[in-house]
Amino acid sequence: VFELGLSRFKDVQWAQIQETPESVPPGLLSRSVDLLLQEDLVDSVKPGDRVEAVGVFRPIEPLGLSGLFRCGVVARSAAPILEAGEKAPSPEEIHNIRAVARRPDLISLLTRSLAPAIFGLEAVKEALLLQCAGGAEKNLPGGLRLRGDINVLLVGDPSTAKSQILRRAMGLAPLAFAATGRGSSGVGLTAAVCVDRETRERRLEAGSMVLADRGLLCLDEFDKMAEADRVAMHEAMEQQTVSLAKAGVHVSLNARCAVLAAANPAYGSYIPSLSHSRN
């Protein structure tokens, strides 16, 4: 008989660790593993963090009578790490960086170096360069925060290398997520409330914009998105937070990411006599 008074209880929390997007070989799904955090490790990491966890991989509970077990890592330590694979530049690299920085044609040099296989589009490449570098984020004394991330929308006729440029920007950014307008929903991009299968509690699943915190989100086929899904992104693009008030869950998550979107014109081809917004 389960006796409450004679039992000792401890905090536990399940987390899910996923492979980093840039380390997944092309054509394969990124795998994930469950992580069991106990005692003081609970709430030590949050969604979107890049973490380094040390623990023991073991079966945790049988899945019915099938002979299969749910497996997971029982964590001994878990802590967020800085950018994956980031190492300090060597003295030779620092010397080269300073030499390039002194050049008067610095912006045009970097613009020419971005996707050199795609001819022309200097203005577009310069905009991507400035977006990847980002602006200056300001935290004012009154608690106001002005974002430093630049959101870019590319509008152009089909086969003008929009998707290729998105791919190049993903390779350039240290943390980047890709999504397309047809295959993404508003909650998939921001955050979703779902029911936990063990405890039956409601929990949050972070979407692409939350996971891409301090990174870049590339959105292709932006014009094919439903209007309601586009509206769900507005708060994340402007205030850089995702606020939810659903089913008793009230939360505000950070989504400090820059959005790079590509879209075809509304009437099939770009009509120069119309305004940008009509196109």
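Everything in this summary refers to the structure shown in the same document. Keep in mind that what you see is a predicted model, and the values were worked out from it rather than measured. Per-chain numbering applies: the sequence of each chain, read as written, is numbered from 1 onward. Local features in this predicted model are restricted to residues of pLDDT 70 or higher, and side-chain atom pairs are both shown and tallied only at a pLDDT of 80 or more, whereas totals for entire chains, interfaces and linings draw on every residue. Heavy atoms from the whole structure form the basis of all side-chain values; hydrogens and water molecules are not counted.

Some remarks on a nonpolar patch on the surface
Any residue with relative accessible area above 30% and no salt bridge may belong to a patch, with like charges joined within 9 Å and the nonpolar Val, Leu, Ile, Met, Phe, Trp and Tyr side chains within 5 Å. Here the open area of atoms and residues is found with the Shrake-Rupley method and a 1.4 Å probe, where only the protein chains shown may cover a residue. Throughout this description, the term salt bridge denotes a Lys or Arg side-chain nitrogen within 4 Å of a carboxyl oxygen of Asp or Glu. There is a patch of nonpolar side chains on the surface, built from Phe-2, Leu-4 and Phe-9 and spanning about 400 Å² of accessible area. Among the structural elements, Leu-4 can be located in the segment before strand S1 (12–18). Only protein chains enter the calculation, and the probe is 1.4 Å; a residue is then buried if its accessible area is under 20% of its type maximum, exposed if over 50%, and partly exposed in between. Look at Leu-4 and you get exposed, because its relative accessible area is 58%. Secondary structure elements follow DSSP: runs of H or I of four or more residues count as helices, runs of E of two or more count as strands, with numbering from the N terminus.

Comments concerning unusual backbone geometry
If you check the backbone angles, Leu-121 has positive phi at about 55° while not being a glycine. Position of Leu-121 among the secondary structure elements: in the loop between helix H2 (106–113) and helix H3 (122–133). Even without a glycine there, the phi angle at Glu-221 is positive, about 55°. If you trace the backbone, Glu-221 turns up in the loop between strand S11 (216–220) and helix H7 (227–238).

Side note on the sheet that holds strand S3 (residues 51–62)
Pairing in this open sheet of 4 strands is mixed, and the strands run S1-S2-S4-S3 from one edge to the other. Of all the strands in the sheet, just S1 and S3 have a single pairing partner and so form its edges. Ignoring strand direction, the axes of neighbouring strands in this sheet form an average angle of 40°. By definition, two strands form a pair when at least two bridges between them are found by DSSP. Sheet topology places S1 next to strand S2 (residues 32–38); 7 bridges connect them, and they run antiparallel. Its bridge partner being in S2, Gln-18 is matched across the sheet by Ser-32. All axes are obtained by fitting lines to C-alpha atoms, using only the stretch in contact for helices, and the reported angles, taken between N-to-C directions, cover 0 to 180 degrees.

Regarding the packing of H2 against H3
It is the contact of H2 with H3, at a shortest axis distance of 9 Å, that shows an interaxial angle of 100°. Taken together, the axes of H2 and H3 are roughly perpendicular relative to one another. Between H2, through Ile-107, Leu-110 and Thr-111, and H3, the contact on the second element is made entirely by Glu-122, Lys-125, Glu-126 and Leu-129. When residue character is reported, Ala, Val, Leu, Ile, Met, Phe, Trp, Tyr, Cys and Pro are called nonpolar, Asp, Glu, Lys and Arg charged, and the others, Gly included, polar. For the contact of H2 with H3, the class distribution of residues is 3 nonpolar, 1 polar and 3 charged. For this classification, under 35 degrees means roughly parallel, over 145 means roughly antiparallel, 65 to 115 means roughly perpendicular, and everything else is oblique. Contacts are residue-level and defined by heavy atoms, with any inter-residue pair within 4.5 Å sufficient.

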